[in-house]
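# Understanding the architecture of this molecule
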Amino acid sequence: MLQSLAGSSCVRLVEQHRSAWCFALLVLGYLLYLVFGAVVFSSVELPYEDLLRQELSKLKQRFLEEHACLSEQQLEQFLMRVLEASNYGVSVLSNASGNWNWDFTSSLFFASTVLSTTGYGHTVPLSDGGKAFCIIYSVIGIPFTLLFLTAVVQRIIVYVTRRPVLYFHIRWGFSKQIVAIIHAIVLGFITVSFFFLIPAAIFSVLEDDWNFLESFYFCFISLSTIGLGDYVPGEGYNQKFRELYKIGITCYLLLGLIAMLVVLETFCELHELKKFRKLFYVKKDKEEDQVHIMEHDQLSFSSISDQAASMKDDQKANEPFVNSQSPTSNDSSLNN
């Protein structure tokens, strides 16, 4: 008896605080995922880092043995200066001296990576004035970019997602949820093909040192706005049509980012994902729901009364008002 009462009380406690328990599980799962990533990256990459450190140490000792007139301190000072310049995108190699990091096309590419928050880090401002302007430019430009992308995606998704799904649902009578799922999968496949697979094949041809995997890796890191900066196109010393190439990459990044947002918005509108997300949201209080319902009722009542008044001025009878209301509601449902 006591065990059944305790079990029922535990079930009621879990049901009452279901959202909090789900949120706690979400936080725990996210932390475990972070730890899992750290363990895998460390186990995979640490041996390669150790081999590279040993190779560099051997090269350094061999260089000092072959050049006895140069001390180790002088060599390290020279290397520190070279590495510092390399962090700013300036290479000491003779085959890279022809590429300027701050011509117009390179600056345009840098501005696009800043505003899209990709930030490869291969080129950074050198002067104090450039750093100050970058801060002001980003503070204004990043919200402006978010506004621009939101407006573009909101318009595209009407024609790419909502109207096609509604067309197959109304015209052919298919289930709206099934059509939405199939449409999202097809749209995701098209986006992966046109913004990942095909560009990766093109980059593997245009970039001498990139294979298909490295090119696909660059596409994913760029369009997900991670922007690690280990692979940046158009930086080779023998790159043909470098200015035009940089402009094309800038356009690709902007269009690819818009396509990614459209796909994400399409998946977020799926009914199953909406139900899943509600598990982790805080439920509204009853008072807030009642206030919302009252405001909605007042708004509906005022709108209906205004429509009725306008229709009475045109037509004295109420029957035409009812008949004219139904196609309007159908048209509005189609537009939505």
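Residues numbered from 1 in each chain as written. Predicted model: local features only at pLDDT ≥ 70, side-chain atom pairs only at ≥ 80, totals over all residues. Heavy atoms only, no water.

### Quick word on the pattern of salt bridges
Taken as a whole and judged by the stated rule, the model has two salt bridges. Ionic pairing is found between Arg-53 and Glu-49, a salt bridge with its closest N-O pair at 3.1 Å. Placement of the pair is Arg-53 and Glu-49 together in helix H2 (residues 18-66), with a separation of four residues, close to one helical turn. You can call Glu-49 partly exposed: its relative accessible area is 38%. Arg-162 is the partner of Glu-269 in a salt bridge, and the nearest nitrogen-oxygen pair spans 2.7 Å. You can see Glu-269 sitting in the loop between helix H8 (242-268) and helix H9 (271-278) and its partner Arg-162 sitting in helix H5 (residues 128-171), a full 107 residues away along the chain. Owing to a relative accessible area of 25%, Glu-269 belongs among the partly exposed residues under this scheme. (Salt bridge = Lys/Arg side-chain N within 4 Å of Asp/Glu carboxyl O. Helix = DSSP H or I, 4+ residues; strand = E, 2+ residues; numbered from the N terminus. Buried < 20%, exposed > 50% of the residue type's maximum accessible area, 1.4 Å probe, protein only.)

### Observations regarding the packing of aromatic side chains
Counted by the stated rule, this structure contains 13 aromatic pairs. Geometrically, the ring pair formed by Trp-210 and Tyr-231 is edge-to-face, given 5.5 Å between the ring centres and 85 degrees between the ring planes. Of this pair, Trp-210 sits in the loop between helix H6 (176-206) and helix H7 (212-223) while Tyr-231 is found in the loop between H7 and H8, placing the two residues 21 residues apart along the sequence. Given the relative accessible area of 10%, Trp-210 is considered buried. With a relative accessible area of 23%, Tyr-231 lands in the partly exposed category. Ring pairs connect the aromatic residues Phe-109, Tyr-120, Phe-203, Trp-210, Tyr-217, Phe-218, Tyr-231 and Tyr-252, which therefore count as one cluster. (Phe/Tyr/Trp six-rings, centres within 6.5 Å; stacked < 30°, edge-to-face > 60°.)

### Comments concerning empty space enclosed by the protein
Rolled over the atoms, a probe as big as a water molecule pinpoints where empty space is left. With the rule as written, the count across this model stands at two cavities of 30 Å³ or more. Considered as a void within the structure, the largest cavity measures approximately 50 Å³ in volume. What lines the largest cavity is Asn-101, Ser-106, Phe-109, Phe-110, His-122, Thr-123, Glu-235, Arg-242 and Lys-246. Secondary structure elements with two or more residues in the lining of the largest cavity: helix H4 (104-115) and H8. It is H4 that provides the largest number of residues to the lining of the largest cavity, a total of three residues. Here the lining of the largest cavity is composed, by residue class, of two nonpolar, four polar and three charged. Going through the elements one at a time, H7 and H8 are the ones with two or more residues in the lining of the second largest cavity. (1 Å grid on protein atoms, 1.4 Å probe; cavity = no way out; pocket = protein on both sides within 12 Å on 5 of 7 lines; lining within 4 Å. Points joined across faces, edges and corners; volume = space filled by probe spheres on them. Nonpolar A, V, L, I, M, F, W, Y, C, P; charged D, E, K, R; others polar.)

### Focus on the layout of surface pockets
Approximately 410 Å³ is the volume attributed to the second largest pocket. Around the second largest pocket, the lining comprises 13 residues; the ones closest to its centre are Leu-56, Leu-59, Lys-60, Leu-75 and Leu-79. Ranked by residues supplied to the lining of the second largest pocket, first place goes to helix H3 (residues 72-87) with eight residues. Classifying every residue of the lining of the second largest pocket gives nine nonpolar, one polar and three charged.

### Here's the deal with the packing of H5 against H6
Running from N to C, H5 and H6 cross one another at 135 degrees; their axes reach a closest spacing of 9 Å. Looking at the two axes, H5 sits oblique to H6. H5 and H6 meet at a crossing whose hand is right-handed. Between H5, through Val-160, Thr-161, Pro-164, Val-165, Leu-166, Phe-168 and His-169, and H6, the contact on the second element is made entirely by Lys-176, Val-179, Ala-180, His-183 and Leu-187. Of the residues contributing to the contact of H5 with H6, the split by class is eight nonpolar, three polar and one charged. (Axes fitted to C-alpha atoms, helices over the stretch in contact; angles between N-to-C directions. Parallel < 35°, antiparallel > 145°, perpendicular 65-115°, else oblique. Left-handed = near helix turned anticlockwise from the far one by under 90°. Contact = heavy atoms within 4.5 Å.)

Geometric values such as these leave the question of function open.
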